[in-house]
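# Examination of the molecular architecture
For reference, the chains in residue letters:
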Amino acid sequence: MNTIILTEEKAKKNFYPTPADVAGVMLKGINLKRVHTVLEPSAGKGDLIYALTKASKGINDKLVVDAVELDPNLRTILTDRFGGAYESKLFRESEELRRKSFKDTLSEEEVVRQSELRRETELLRTINEFYVVHDDFLTFDTRKRYDLILMNPPFDDADSHLLKAISLLAPGGQLCCLLNAETLLNPYTNRRKELQKKLTQLSAEVSRLGDCFSASERATDVDVAMVRIVKPTATYRSRIWDELEAAAKAAYTEQETQDVTVTDFIESRIACFNLECDAVLALLREYRGMQPYIMRGSGAYATPIIELQVGGRDAEPDRVLRLIRAKYWNELLRNEQFMSRMTSEIRSDYCSKIDKLANYDFSAYNIQRIMLEIQGQLITGAKDSILKLFETLSAKHAWYPECDNNIHYYDGWATNKAHAVNKKVIVPCYGIIGNNSYDKNRFYGYKAHEFLSDLEKALDYLTASPGDETNWLSRAMDAAERTGNCKNIDLRYFKVTFYKKGTCHITFHNQEIVDRLNIFCAREKNWLPPSYGRKKYCDMTEEEQAVVDGLNGDGTQGSGSKSYEKVLADPNLYLSNMEQISGSGPLLIAG
């Protein structure tokens, strides 16, 4: 953990890891029994978070820690250290020593190491959940509020960071911050004056720690002050109750609210998310303010007549916000505009992550992160999808009697097991046409859509197409289901006919797309000579010509030369590579 490479100039300038003894002083005054959610807004490599694990051992093992860090290398270190990877590494080392102890006597050093591993693992397990939620704290926008904020912000901008942190502190929450004492001693800017005013309002406790960083990992002689804040618990009042009470005395006129309209798809969804969060939080505040007036019984056993719950549990703000986040992530990941270029496998993978994504705000920053991650998966998955399509139309169903004519075999480069897909293929597909007494001959359009969707997406990758922007496949399957006509259904790349015996006949519209598929897959499988697409037919060796005749012709000498000329004449069309495929357009087009 000692070798740190900082990539951001701002991060380099302000990277002063918190010394362990100073972190211990910060945590001494914290009531950890009352803490559930924690924020470290300038997390660095996690020294304060690690100190928190030591202080929490045996007191609280349910901590949910959010970290913000500007430098991407440090963000990676944080994720590895507290997100599970480091604990897994410790576990593997511990297991190796444990297995060794069954066979041999451990050395003194190994016994000590085994004890260290056990202690380190126990410390890490005090953190129940850990997330790196943003990069620049001053642009961090969330409705979440924290029970504890521990911070060692940049010394030259501590006033801005501390003011921001105070705004994110939950009612009754605790905050401990290190900062340059000069920030408080010399309030010459409006921001410092605002900070002094806020600290006075909150009855903050300020201690001078002097040059406590002078012997630290990155030394500085800055005169350091420590600020402690315990935010007062909120007193909720019900606007509804107040308005009803006032209505008995005077007329009440309700003000109309103004709708917010946003045209951009992503911005509009974020705006709706924020509006919904604000509305729900307002409802919770109203409910808490109303509670004293709607109690059944009295004293310690009093219960509210109306209970506000989520999933059978009290509707706490963090729990409700998590459900709203899940709702919007789910909506986004199932939105056709966002997911249209995904195969069903990738889509299913991301939809299974909704529960984890619910821990992240539905923000532009996090949406962009997910988009980039998916884009990377699409790039790496494009080739696999095309090869999978090739196998589906060829070798995968070669055993099926009707599929004999799907492919033709030829002698490839250094192999005699090469094959190519023909223009017309037959593949098994059961259950698309009903064969039971209750659904006999019924055509199931949604099943056909599932079967054909990934085939079309693979061809979209191959041809660098933006995808089925007009929902052609969905409309065609819906029409076939309504009319019962499941023969010669015209789609973008081919016509399909489904038979109730469980087969699908696919006829490609033109030979060009078939040739592109065959050439791409043959190149990926190294069935073609390196000279394919580079040399003219007449300049090839006899062995190279034989491969061309097998793929582009009928196998007889010279039969592939004419078709091969088309490949040479338009290499951009026929010789697709991964760069062309991965550049097939943005994942999301704003509407």
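Residues numbered from 1 in each chain as written. Predicted model: local features only at pLDDT ≥ 70, side-chain atom pairs only at ≥ 80, totals over all residues. Heavy atoms only, no water.

## Thoughts on the overall build of the protein
Helix and strand counts for the protein come out as 23 helices and 17 strands. Taking all 591 residues of the protein together, the buried fraction comes to 47%. Taking the intrachain contacts of the protein between residues at least 6 apart in sequence as the baseline, contacts between residues at least 24 apart amount to 71%. As presented, the protein carries roughly 31,400 Å² of accessible surface, and 50% of it is formed by carbon and sulfur atoms. (Helix = DSSP H or I, 4+ residues; strand = E, 2+ residues; numbered from the N terminus. Buried < 20%, exposed > 50% of the residue type's maximum accessible area, 1.4 Å probe, protein only. Contact = heavy atoms within 4.5 Å. Areas by Shrake-Rupley, 256 points an atom, 1.4 Å probe, with all protein chains shown as cover.)

## Some remarks on the side chain of Asn518
Relative to the assigned elements, Asn518 resides in helix H19 (residues 511-524). Within the local environment of Asn518, its side chain forms a polar contact with the backbone nitrogen of Val421, the two atoms lying 2.7 Å apart. Once residues within four sequence positions are removed from consideration, Asn518 is found in contact with Phe390, Ala420, Val421 and Leu551. (Polar contact = N/O pair within 3.5 Å; in protein donor to acceptor, adjacent residues only side chain to side chain.)

## Some words on the sheet that holds strand E1 (residues 37-40)
On the basis of which strands lie adjacent, the open sheet formed by seven strands has the order E3-E2-E1-E4-E5-E7-E6 and mixed pairing. Each of the sheet's edge strands pairs with one partner strand only, and the pair in question is strand E3 (127-134) and strand E6 (205-210). This sheet shows a mean twist of 15° between the axes of neighbouring strands, independent of strand direction. Sheet topology note: the E6/strand E7 (residues 224-230) ladder contains five bridges and is antiparallel. Its bridge partner being in E7, Val206 is matched across the sheet by Val227. Across the sheet, helix H3 (residues 47-56) lies against E1, strand E2 (63-68), E3 and strand E4 (146-151), angled at about 170° from E2, the strand it touches most. (Pairing = 2+ DSSP bridges. Axes fitted to C-alpha atoms, helices over the stretch in contact; angles between N-to-C directions.)

## Some words on the pairing of E2
The buried fraction of E2 is high, at six of six residues. Where E1 and E2 come together, four bridges link them in parallel fashion. Residue pairing in the sheet places Thr37 in a bridge with Val64 of E2. For the handedness criterion, the β-α-β arrangement of E1, H3 and E2 is classed as right-handed. (Right-handed = clockwise from strand over helix to strand, strands pointing away.)

## Topic: the nonpolar core
Formed by 87 residues in total, the largest nonpolar core has its most connected members in Phe443, Phe498 and Ile506. It is helix H16 (residues 364-393) that contributes the most residues to this core, eleven residues altogether. One finds Ala23, Leu63, Cys212 and Val222 within the second-largest nonpolar core, a separate group that totals 36 residues. (Core = buried A, V, L, I, M, F, W, Y, C linked by side-chain atoms within 4.5 Å.)

## With respect to helix H17 (residues 445-463)
Over its 19 residues, H17 extends 26 Å from the first C-alpha to the last, a length consistent with the 27 Å expected when each residue adds 1.5 Å. Along H17, the largest kink reaches about 30° and is centred on Leu452. (Expected span 1.5 Å × (residues − 1). Bend = angle between axes of the 7 residues up to and from the residue.)

## A word on the packing of aromatic side chains
Taken as a whole and assessed by the stated rule, the structure comprises 14 aromatic pairs. Ring geometry for Phe82 versus Phe130: centroids 5.4 Å apart, planes at 50°, classification tilted. With a gap of 48 residues between them, Phe82 in helix H4 (residues 72-82) and Phe130 in strand E3 connect regions that are remote in the sequence. Just as Phe82 is buried, Phe130 falls in that class too. Both rings, one in Tyr131 and one in Tyr360, keep their centres 5.4 Å apart while their planes meet at 75°; by these two values the pair is edge-to-face. One end of the pair, Tyr131, is in strand E3; the other, Tyr360, is in the loop between helix H15 (354-357) and H16, and 229 residues separate them in sequence. As far as burial versus exposure is concerned, Tyr131 and Tyr360 are alike and both buried. One aromatic cluster is present, built from ring pairs that chain together Phe273, Tyr328, Trp329 and Phe362. Its end group placed over the ring of Tyr16, Arg218 keeps NZ or CZ at 4.6 Å from the ring centre. Across from the ring centre of Tyr444, 4.6 Å away, lies the NZ or CZ of Lys447, which sits over that ring. (Phe/Tyr/Trp six-rings, centres within 6.5 Å; stacked < 30°, edge-to-face > 60°. Lys NZ or Arg CZ within 6 Å of the ring centre and 35° of its normal.)

## Description of the sheet that holds strand E17 (residues 503-508)
The four strands lie next to each other as E14-E17-E16-E15, forming an open sheet whose pairing is antiparallel. A strand with exactly one partner marks an edge of an open sheet, and here the two such strands are strand E14 (424-428) and strand E15 (489-490). Inspection of the sheet shows strand E16 (residues 494-499) paired to E17 by six bridges, in the antiparallel sense. Bridge assignment links Phe494 to a residue of E17, and that residue is Phe508. Against the sheet, H17 touches E14, E16 and E17, its axis set at about 155° to E16.

## Quick look at empty space enclosed by the protein
Using the criterion set out here, one finds four cavities of 30 Å³ or more in the structure. Space inside the largest cavity adds up to approximately 350 Å³. Looking at the largest cavity, it is lined by 27 residues, and the ones nearest its centre are Asn14, Ser42, Glu69, Asn152 and Pro154. Counting residues per element, the ones that place at least two in the lining of the largest cavity are helix H1 (9-14) and H3. (1 Å grid on protein atoms, 1.4 Å probe; cavity = no way out; pocket = protein on both sides within 12 Å on 5 of 7 lines; lining within 4 Å. Points joined across faces, edges and corners; volume = space filled by probe spheres on them.)

## Regarding the layout of surface pockets
Here the largest pocket defines a volume of roughly 1,100 Å³. Contributing to the lining of the largest pocket are 38 residues, with Arg145, Glu316, Pro317, Asp318 and Arg319 lying nearest its centre. Among the elements that make up the lining of the largest pocket, the one with the highest residue count is helix H12 (residues 317-333) (seven residues). In terms of residue class, the lining of the largest pocket is built from 13 nonpolar, nine polar and 16 charged. (Nonpolar A, V, L, I, M, F, W, Y, C, P; charged D, E, K, R; others polar.)

## Topic: the pairing of E7
Among the seven residues in E7, six count as buried, and that is most of the element. Relative to E7, strand E5 (residues 169-180) runs antiparallel, the two being bridged by seven bridges. Residue Gln174 lies in a different strand from E7, and its bridge partner there is Val230.

## Some words on the packing of H17 against H19
One can describe the packing of H17 onto H19 by two numbers: an axis separation of 11 Å at closest approach and a directional angle of 80°. Classed by the angle they form, the pair H17 and H19 counts as roughly perpendicular. Touching Leu459, Leu462 and Thr463 of H17 are Ile513, Arg516, Leu517 and Phe520, all from H19. (Parallel < 35°, antiparallel > 145°, perpendicular 65-115°, else oblique.)

## Concerning the confidence of the model for the protein
On average, the protein scores 85 in pLDDT, and the residues at 70 or more come to 89%. Low confidence marks residues 251-263, where pLDDT is under 50. Its contacts with residues over four positions away, or in another chain, come to six contacts. Of the regions scoring below 50 in pLDDT, residues 583-591 engages in 28 contacts with residues more than four places distant in sequence or in other chains. (pLDDT = per-residue confidence, 0-100.)

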